[in-house]
Amino acid sequence: MALTLWAYYNQGYQHGLTLPPLTQNTLSHPLSAPAPKLYEPEDFDSTLAKFSKFMTKLALVLSSDPTQYATDVSKISYATSYFSGSAGDWFEPHLNKATGAIRFTTYEAFVRALKNTCNDPDARATAECKLHNLKQGNKDCSAYHAEFGTYATTLNYDDMTKISFFCNGANQDLKTALSCQASPPETFDEFIQLCIKLDNRAKLLRSQSHRPAHTAPAPARRPAPASAPATGTASRTALGTIDLSQAARTPRKRGPLSSELRKYRQENHLCMYCGGSGHCASLCPLSSKPKRVNAAQTTPLLGHAFCTRFLCYFPGLYR
């Protein structure tokens, strides 16, 4: 029994010597890192404006996972899976539907053929025209610079030319701030950094100028003391307060007076027509009846004051 066990052990030991070391096996097959998470490209319909963005996202996805997209066929298949519209119509003749074979031998040949179909044949003239018409407007300087860079990269201008184009499209606030700089930078990158700082300060000044100024609250008004009513303008009776002001004494037809109001006017020597003082009903200026001259007014022996008071005591004598 012991000899049998020793034979099995010796056989396993001899087989273990023939295997390669564990470290060598690990180094020969290293573990691949997981691919980073990227946004998938949008569907491409061969529109000229979308071609550059589509190719940029496509290149990022293919380079982020080289193990999955190691062959040209896998790259072309992934790119064409996002084709739609006229782009799908363009690729259809290049695919053998029976076998699934793609007629492009390399991925570079596929990109070159797609670029010749969708890309602008005179991209430089188009970029120069768009760069000349580009304006900052109400956009931030950083957003304006990002859009500026998409066209300036195609043109490959020198720094001074790019600075000239950039100033041409800047808004008036940024141009005013740049005019106050004695020696602005001559390199484009440093010039852009200065423009972003000046633009941020200009926006801060605009926000402060539009902010409403702080004003102290107005003192509360004290209620005006109630003044005593003037004689002949208001009367208080058992029926309530009666407004006898000049504004209320309008020349309109009046109904018969109540006994209480008639007694009140007689006791206070008020006009029986309007309720005012200093005259009687026959001489009331608000009465629509023509004024009648009585004997008391023409008698020289009686004074004017006596006649007026006499008529007030007997208002109905000469009616």
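Preceding this section is the structure that the text describes.
Calculation notes
- Residues numbered from 1 in each chain as written.
- Predicted model: local features only at pLDDT ≥ 70, side-chain atom pairs only at ≥ 80, totals over all residues.
- Heavy atoms only, no water.
- Helix = DSSP H or I, 4+ residues; strand = E, 2+ residues; numbered from the N terminus.
- Buried < 20%, exposed > 50% of the residue type's maximum accessible area, 1.4 Å probe, protein only.
- Contact = heavy atoms within 4.5 Å.
- Areas by Shrake-Rupley, 256 points an atom, 1.4 Å probe, with all protein chains shown as cover.
- Axes fitted to C-alpha atoms, helices over the stretch in contact; angles between N-to-C directions.
- Parallel < 35°, antiparallel > 145°, perpendicular 65-115°, else oblique.
- Left-handed = near helix turned anticlockwise from the far one by under 90°.
- Nonpolar A, V, L, I, M, F, W, Y, C, P; charged D, E, K, R; others polar.
- Salt bridge = Lys/Arg side-chain N within 4 Å of Asp/Glu carboxyl O.
- Disulfide = S-S within 2.5 Å.
- Core = buried A, V, L, I, M, F, W, Y, C linked by side-chain atoms within 4.5 Å.

A. Representation of the overall build of the protein chain in the model. The helix and strand inventory of the protein chain stands at 14 helices and 2 strands. Across the 319 residues in the protein chain, those meeting the buried criterion constitute 26%. The contacts in the protein chain between residues at least 6 apart in sequence include a share of 51% that link residues at least 24 apart. Entry remark: accessible area of the protein chain is about 22900 Å², with carbon and sulfur atoms responsible for 58%.

B. How the structure looks around the packing of helix 3 (residues 48-64) against helix 6 (residues 107-118). At a minimum axis distance of 10 Å, the contact between helix 3 and helix 6 shows a crossing angle of 165°. In this view, helix 3 runs roughly antiparallel relative to helix 6, as classed from their interaxial angle. Here helix 3 runs over helix 6; the crossing is left-handed. Across from L48, F51, M55, L58 and L62 in helix 3, the residues of helix 6 making contact are Y107, V111, L114, K115 and C118. Considering only residue class, the contact of helix 3 with helix 6 consists of 9 nonpolar, no polar and 1 charged.

C. Region of interest: unusual backbone geometry. The backbone of N156 sits at a positive phi, close to 60°, despite the residue not being glycine. Structurally, the position occupied by N156 is in the loop between helix 8 (141-155) and helix 9 (159-169). Residue H269 is not a glycine yet carries a positive backbone phi of 55°. In this fold, H269 is placed in the loop between helix 12 (259-267) and helix 13 (295-298). Judged by relative accessible area, H269 falls into the partly exposed class, the value being 29%.

D. Representation of the packing of helix 8 against helix 11 (residues 188-209). Running from amino to carboxyl end, helix 8 crosses helix 11 at an angle of 150°, the nearest separation of the two axes being 9 Å. Counting all contacts with helix 8, which are made through C141, S142, H145 and F148, the residues of helix 11 involved are F188, I192, C195, I196 and D199. Looking at the contact of helix 8 with helix 11, its residues break down into 6 nonpolar, 2 polar and 1 charged.

E. How the structure looks around the pattern of salt bridges. Applying the stated criterion to the full structure yields 4 salt bridges. Ionic pairing is found between K97 and E92, a salt bridge with its closest N-O pair at 3.4 Å. On the accessibility criterion, K97 (60% relative accessible area) is exposed.

F. Examining the environment of D89 more closely. Take D89: it is sitting in helix 5 (residues 86-91). Exposure remark for D89: the relative accessible area of 54% places this residue in the exposed category. In the structure, D89 is positioned 44 residues away from D45 in sequence and 9.4 Å away in space, judged by C-alpha atoms.

G. Structural view of the state of the cysteines. Under the definition given, this model contains 0 disulfides. C195 supplies the cysteine sulfur nearest to C167, a cysteine that is in no disulfide, at a spacing of 5.9 Å.

H. Structural context of the nonpolar core. Within the largest apolar cluster, 23 residues are counted, with the highest numbers of intra-cluster contacts made by L131, F148, F166, L174, F191 and C195. Contributing elements (two or more residues each) for this core: helix 7 (123-133), helix 8, helix 9, helix 10 (172-179) and helix 11. Here L131 is in contact with F148, Y151, L155, Y157 and F165, once residues within four sequence places are set aside.

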